[in-house]
Structure formats: structure tokens, C-alpha cells
Amino acid sequence: MISDRIRHLRLSSVVLPLDRPISDAKVLTGRQRPMTEIVFLFAEIATEQDQHGIGISYSKRAGGPAQFAHAKEIAGDLIGEDPSDIGRLYDKLLWAGASVGRSGVATQAIAAIDIALWDLKAKRASLPLAKLLGAHRDSVRVYNTSGGFLQASVEEVKERASKSLADGIGGIKIKVGQPDTRIDLERVRAVREHLGDGVPLMVDANQQWDRPTALRFGRALEQFDLVWIEEPLDAYDAVGHAQLAAALDTPIATGEMLSSVAEHVRLIEAGAADIIQPDAPRIGGITPFLRLAALADHAGLQLAPHFAMEIHLHLAAAYPREPWVEHFEWLNPLFNERLETLDGRMLVPDRPGLGFTTSEQCAAWTVDSCEFGTR
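Residues numbered from 1 in each chain as written. Predicted model: local features only at pLDDT ≥ 70, side-chain atom pairs only at ≥ 80, totals over all residues. Heavy atoms only, no water.

Q: Describe the sheet that holds strand S1 (residues 6-22), and please don't skip the residues or the numbers.
A: Sheet strands line up and pair through hydrogen bonds in the backbone, either parallel or antiparallel. Strand order in the open sheet made by the 4 strands is S3-S2-S1-S14, with antiparallel pairing throughout. Among the strands making up the open sheet, the edge pair consists of strand S3 (52-60) and strand S14 (366-373). Each strand axis lies, on average, 15° off the axis of its neighbour in the sheet, ignoring direction. Note: S1 against strand S2 (residues 35-47), 12 bridges, orientation antiparallel. By the bridge assignment for S2, Leu11 is matched with Ala43. Helix H4 (residues 105-124) rests against S1, S2 and S3 of the sheet, and its axis sits at about 150° to S3. (Pairing = 2+ DSSP bridges. Helix = DSSP H or I, 4+ residues; strand = E, 2+ residues; numbered from the N terminus. Axes fitted to C-alpha atoms, helices over the stretch in contact; angles between N-to-C directions. Contact = heavy atoms within 4.5 Å.)

Q: So what's going on with the layout of surface pockets? Which residues, and what values?
A: Size it by volume and the largest pocket reaches roughly 480 Å³. What lines the largest pocket is a set of 30 residues, among which Gln32, Lys60, Arg61, Met257 and Arg282 lie closest to the centre. Taken together, the elements giving at least two residues each to the lining of the largest pocket come down to S3, H4 and strand S5 (171-175). Ranked by residues supplied to the lining of the largest pocket, first place goes to S3 with 3 residues. Looking at the second largest pocket, its volume works out to about 230 Å³. Among the secondary structure elements, those contributing two or more residues to the lining of the second largest pocket are S1 and helix H6 (154-166). (1 Å grid on protein atoms, 1.4 Å probe; cavity = no way out; pocket = protein on both sides within 12 Å on 5 of 7 lines; lining within 4 Å. Points joined across faces, edges and corners; volume = space filled by probe spheres on them.)

Q: Please give an account of the nonpolar core that cites residues and values.
A: Leu11, Phe40, Phe42, Ile113, Ile311, Trp330 and Leu334 are the most contacted members of the largest nonpolar core, which totals 78 residues. Top contributing element to this core by residue count: H4, with 10 residues. Of all hydrophobic cores here, the second largest spans 26 residues; its members include Ala161, Val176, Val188 and Ala245. (Core = buried A, V, L, I, M, F, W, Y, C linked by side-chain atoms within 4.5 Å. Buried < 20%, exposed > 50% of the residue type's maximum accessible area, 1.4 Å probe, protein only.)

Q: Go over the side chain of Ser57 with me, naming the residues and quoting the values.
A: With respect to the helices and strands, Ser57 occurs in strand S3. We classify Ser57 as buried; its relative accessible area is 0%. Of note is the side chain of Ser57, whose polar atom sits 2.9 Å from the backbone oxygen of Gln108. In this view, Ser57 contacts Val39, Phe40, Leu41, Gln67, Gln108, Ala111, Ala112 and Pro281; residues no more than four positions away in its chain are not counted. (Polar contact = N/O pair within 3.5 Å; in protein donor to acceptor, adjacent residues only side chain to side chain.)

Q: Lay out unusual backbone geometry with the relevant residues and their values.
A: For Asn206, which is not glycine, the phi dihedral falls at a positive 50°. Relative to the assigned elements, Asn206 resides in the loop between strand S6 (201-204) and helix H8 (211-221). The exposure class of Asn206 is buried, given its relative accessible area of 2%.

Q: Give a detailed account of the state of the cysteines, specifying residues and quantitative values.
A: Summed over all chains, the structure comprises 0 disulfides. Looking at the unpaired Cys362, the closest cysteine sulfur is the one in Cys370, lying at 15 Å. Its relative accessible area of 4% is what places Cys362 among the buried residues. The class for Cys370 is buried, based on a relative accessible area of 12%. (Disulfide = S-S within 2.5 Å.)

Q: Now, about empty space enclosed by the protein: what can you tell me, with residues and values included?
A: If you walk through the whole model with that rule in mind, you get 3 cavities of 30 Å³ or more. Every residue lining the largest cavity is listed: Ile54, Gly55, Ile56, Glu310, Ile311, Phe335, Leu354 and Phe356. Elements that contribute at least two residues to the lining of the largest cavity include exactly S3 and helix H13 (309-317). Broken down by element, the residue count for the lining of the largest cavity peaks at 3 residues, all from S3. In the lining of the largest cavity, the residues fall into 6 nonpolar, 1 polar and 1 charged. (Nonpolar A, V, L, I, M, F, W, Y, C, P; charged D, E, K, R; others polar.)

Q: Tell me about the pattern of salt bridges, residues and numbers included.
A: The tally for this structure, following the rule as stated, stands at 26 salt bridges. The shortest N-O distance in the salt bridge between Glu44 and Arg10 comes to 3.8 Å. Here Glu44, found in strand S2, pairs with Arg10, found in strand S1; they are 34 residues apart in sequence, far enough to count as distant. What makes Glu44 partly exposed here is its relative accessible area of 28%. Among the residues examined, Arg10 registers a relative accessible area of 22% and is labelled partly exposed. Put simply, Asp297 and Arg321 hold a salt bridge, and the shortest N to O gap is 2.8 Å. Pair noted here: Asp297 is in helix H12 (residues 286-298) and Arg321 is in the loop between H13 and strand S11 (324-327), with a separation of 24 residues, a long-range link. The network of salt bridges with shared partners includes Lys173, Lys175, Asp204, Glu230 and Glu326. (Salt bridge = Lys/Arg side-chain N within 4 Å of Asp/Glu carboxyl O.)

Geometric descriptors of this kind do not, in isolation, establish any biological role.
See below:
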């Protein structure tokens, strides 16, 4: 078999504006400003045999330009390489930027390229990425998050939850973590009463509680039969999360803010989570995600990847234990295709690779780009 070679690589910085400012507990506690946009790093790869792959990374609030700048410095090293050698190419890019480490912006920049290589590999095999990886299922349990943020009134949260369920989404997650936990408690109570006892409900504190508050409020939440309590403590407080997981009946979920496999390993070894929530773009791409997934399965953990359902649907479908995937419609304008939800599950598309092509709107929101190799 004649091996293919990478002949062209394009990087693009794309700024996606949100319909309105979004607030979680980090805004209400004064630690962040409302989110008004998301900055994406797109990587598009083409080979000598005219095969194509696309990948993304992203940053909320700060970091997007830094990801683009780092990727721009190292991406040229892939021209002429065999795109099938994803593991070797990942290491090559790591070493190209070794002086800035193996987490955070450095690996998030690599993530877009790594994901593009996996998309390309699945397309060359004429398979959806989930099938290339070895799917355990053709659909994944799905819950909605975008309708439960704190800038929305309780009535709006309930209305959007009803719409999500009508659209075939199976669970609802709402934000908590406000300075006054009594307000949180009333919001959770109102949403649980609206949904009824049979609908899966999750809450997310976005790291805004200290250990005593998390324990006290976690106990108050036991009555609502939640699927999980997400990020009750600082993302790096493995010991505190482990103590909370041992003390509460409600499962603890965390991991989305961590930016390397090594950081997740610390959570696993501490027993800090019942449900682990890695984010492939944040931890460096699909290659490190698969390494982490093997460790999480070995530890008996449930999986609920954070954000970017367009990528994580495939990765969740390939996880041995029944996972969840998070529904956000925010990325819809970037792509021509849509994911389907039915009977509480998201369906793995039958299109090759990730199954997405970029839209004209995505091109219009591009604020910077660079190219390597020949078209």
C-alpha cells in the first residue's frame, strides 16, 4: 500500500458570538465576566491523495489567540508526514513546543491538529469515527446544559427544559453555586417539581463552593435524586472531591477544567470522582483522551465528556460503560450538519469521520488564518 503524505495544513481562528451573555456561578461570585463569545482554533489537513480532515480546539473568554499562535509555530513540522502515524506525530508536535510544557495552551493547540488527523483517518476508512475507534453503541444518553445557566429566570429554565425533552434529549443540567445557597436550593426544587421524578437531573456548581459548603449543600440536595453534582470544589482539589464523594450518596462529577491526562490521573488515584468529565480539546485531543478513557474504565468510572458534542459523541460511543454526552446547540452555526436526538439519546451519525463540514458562517467569523505546504 502506498502511504499518503500531508501536503497542506490550514489553521484558522474563528470567533463565535453568543446570542446573549452567559453567566454561571463564576460570574455571580465575581471571578469572571459574562461570556459573550467562544474562540475556536480550526485545523484543516489535506493529503497528496486529496483526503481531508478537520479538527477544532476552543477557549472561553481568554486563550484563543494563544492557541492559534502556538499552533502556528509548530504545525509546519507535519508537512510531508504520513497522516496515519498519529501517535508519532503527536509526540513530534509535543517536542516541537517542549519548552512550554505538556498541558494548557500548548496541548490545546495540538488538539485541533490531532482531532483533524483522527477525522482524516476515519474518512480514509469510510467510517464514522466511533466505528473506527470501536463503538459499543450507536447512540449515547444525552443531557442539555445550555438552557440552565444562571442569567435565566427559573421560568425560562423550566421552559427550555421542556423544549429539550420534547426535542428528544433525555436529561437536564442546571447551574448552581451562587453566593446564597438558598436561591440555589429553590431553583433546584422548582426544576425538579417541573420535570417530575423520572427525568434525569444534574447540577453544576462550577467550582464555587468551599469544602464545608459543598458538604452541607450536597446533603440538602440528596432529596432531589440527582444524577450527579458537578464541580462542587476547585477543579484541582482532588482530596476535597474524594472526601465529598465518600460522604454523599449523590455521585460527584468533575474533570472538565483539567488540561492533561496527568491531572486526571490524580483525580482517579484519589477517588475524587464517580463520573469523570474530560474535554478532548482541553486535554490535547483524541490521542490523550483515549489514554485517559482506558484508565477511567479500569477504575470503574462513568464518563460524561464536557462540551463539544460534535467530537465527544464519537468518543462516548466507544467507551465500554454507558456514558452521557452534553448537549449545547452553540456550535450549530459553524457546521452544515446537525446531530439528531431521539428518546433521550444522541445518535452517532453515519457520515465518515466526525461527520461535519464547516459552514459559510464559520468562514465569515474567521479573524485570522495561516497555511503550510501546497494546496
